[in-house]
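This is what each chain is made of:
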Amino acid sequence: MPPEEADKEERGRVLIVGGSREMPGAVILAATAALRAGAGKVAIATSSSAAPLVAMEIPESRVIGLPETQTGGLAAEGVEEIADLARRAGAVLIGPGMVDETATAAFVERLLPRLDNTPLLLDACAMGVVRQQDDLAFNTPVLMTPHAGEMAHLSGTAKAAVQEDPASAARAAAARWKAVVAVKGADTYIADAEGGLWHHAGGNVGLACSGSGDTLAGIIAGLVARGAPLTQACAWGVALHARAGERLAERKGPLGYLAREILDEIPLLMHSLAHQPGGGQPHYLGHW
């Protein structure tokens, strides 16, 4: 917990890049989640067509409209408008609600050299940068959060193989891309490039809903901006997300609650888990 006299600057800044004409809600969910996780300030860079709606829906944030490609992706030249903001952020999240994997990969590649060791979270479409440039060397700490289908797409492995052994998939990806990789599912495995592996089992089937991944990514980004290392923030984010689903299932039933409802659970859960031994975090399985 920050001291009572701490201001919003001390709780960190998050820059979230995402959204599109078709999916403006994803970046709204992610940004709200970052604030619910305690981040002090959030800025959103989204498509110029979606920016007015996003600004109205989340008045607590700064919203920057970026140029779009003909296919609805963010044009790479938009990086020039946010490069300074990205360098000064405590965490940068790219991906929620983005379309056009090729355009998104070009955007990420152009932004990478502008980051000054700023932690970078790649989610959804933005993770495709590792497919577009297989020998990509990240120059900044990176976290990737694929589910089994996305992991199969990124690695060229069959989805069934990822589902059969998600721990090995996470370890192989982390070593290959020199990043922290969380393979999400009913059992989530988090691996780092040094061979560390963590496992979390919890939550419920109701969390497998539209927008749920955007909320998880935003929670993690908020925790990173507050100063948590990527692995710790990911572990806490996964635990908070799962416990929020459990609480909602108790009140509303195991199916049918919405991703936006996860957000209201986070502040109190974060407070209560912080005072529990282990906090319900994933179990550390050692180095491999």
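For the structure, check the block above.
The present account deals with the structure reproduced in this document. The residue numbers shown here count from 1 along each chain, following its written sequence. In keeping with the predicted nature of the model, local features appear solely for residues at pLDDT of at least 70, side-chain atom pairs appear and are counted solely at 80 or more, and the whole-chain, interface and lining totals rest on all residues. Only hydrogens and water are set aside; all other atoms, that is, all heavy atoms of the structure, feed into the side-chain values.

**Some thoughts on the overall build of the protein chain**
Each helix is a run of H or I in the DSSP string that is no shorter than four residues. Each strand is a run of E no shorter than two, and both are numbered from the N terminus. The helix and strand tally for the protein chain stands at eleven helices and ten strands. Taking 19 Å as the expected radius of gyration for a compact globule of 288 residues, we find that the protein chain reaches 17 Å, a close match to that expectation. The dimensions of the protein chain, computed from C-alpha atoms along their principal axes, are 45 × 45 × 35 Å. Using a 1.4 Å probe on the protein chains alone, a residue whose accessible area is under 20% of its type maximum counts as buried, one over 50% counts as exposed, and one in between counts as partly exposed. Among the 288 residues that make up the protein chain, the fraction classed as buried is 56%. Values of accessible area rely on a 1.4 Å probe in the Shrake-Rupley scheme; residue burial ignores everything except the protein chains shown. Carbon together with sulfur atoms contributes 51% to the accessible area of the protein chain, which is approximately 12200 Å² in total. Counted as positive: Lys and Arg. Counted as negative: Asp and Glu, with His and the chain ends omitted from the count. Charged side chains are reduced to one point each, which is NZ for Lys, CZ for Arg, CG for Asp and CD for Glu. Looking at the protein chain, you have 23 positive and 32 negative side-chain charges, and the mean spots of the two groups are 2 Å apart. Two things to know: the radius of gyration comes from C-alpha atoms, and the globule rule equals 2.2 Å times the number of residues to the power 0.38.

**A short note on the pairing of strand E9 (residues 196-201)**
Judged by how many residues are buried, E9 sits mostly within the fold: five of six residues are covered. The antiparallel hairpin formed by strand E8 (residues 187-191) and E9 contains four residues in its connecting segment, where Gly-195 sits at a positive phi of about 100°. Between any two strands, at least two bridges found by DSSP are needed for them to pair.

**Examining the packing of helix H9 (residues 212-225) against helix H10 (residues 230-252)**
How two helices sit against one another is set out by the angle between their axes and by the gap between those axes. Packing of H9 against H10 leaves a shortest axis separation of 8 Å and a crossing angle of 135°. Classed by the angle they form, the pair H9 and H10 counts as oblique. Between H9 and H10 the crossing geometry is right-handed. In this structure, H9 uses Ser-212, Thr-215, Leu-216, Ile-219, Ile-220, Leu-223 and Val-224 to contact H10, whose residues at the interface are Leu-230, Ala-233, Cys-234, Trp-236, Gly-237, Val-238, Leu-240 and His-241. In this classification, the charged set is Asp, Glu, Lys and Arg, the nonpolar set is Ala, Val, Leu, Ile, Met, Phe, Trp, Tyr, Cys and Pro, and all remaining amino acids, among them Gly, are polar. Considering only residue class, the contact of H9 with H10 consists of eleven nonpolar, four polar and no charged. For every element, the axis is a line fit to its C-alpha atoms; helices are fit only across the contacting stretch, and the angle between N-to-C directions ranges from 0 to 180 degrees. Reported orientations rely on four angle classes, namely roughly parallel under 35 degrees, roughly antiparallel over 145, roughly perpendicular from 65 to 115, and oblique for the rest. Here a crossing is called left-handed whenever its near helix is offset anticlockwise from the far helix by less than a right angle, and right-handed whenever the offset is clockwise. We call two residues in contact whenever any of their non-hydrogen atoms come within 4.5 Å of each other.

**Let's talk about the environment of Ala-217**
Turning to its location among the elements, Ala-217 is positioned in helix H9. With relative accessibility at 3%, the residue Ala-217 sits in the buried group. Between the C-alpha atoms of Ala-217 and Gly-237, which are 20 residues apart in sequence, the distance is 8.0 Å. Residues within four places of Ala-217 in sequence aside, it is in contact with Leu-93, Leu-121 and Asp-123.

**Examining the pattern of salt bridges**
A pair is scored as a salt bridge if a Lys or Arg side-chain nitrogen falls within 4 Å of a carboxyl oxygen belonging to Asp or Glu. In this structure the tally under the stated criterion is twelve salt bridges. Put simply, Arg-36 and Asp-264 hold a salt bridge, and the shortest N to O gap is 2.8 Å. With Arg-36 in helix H1 (residues 25-36) and Asp-264 in helix H11 (residues 259-274), the pair connects residues that are 228 residues apart, well separated along the chain. By sharing partners, the salt bridges in this structure join Glu-80, Arg-110 and Arg-114 into a single network.

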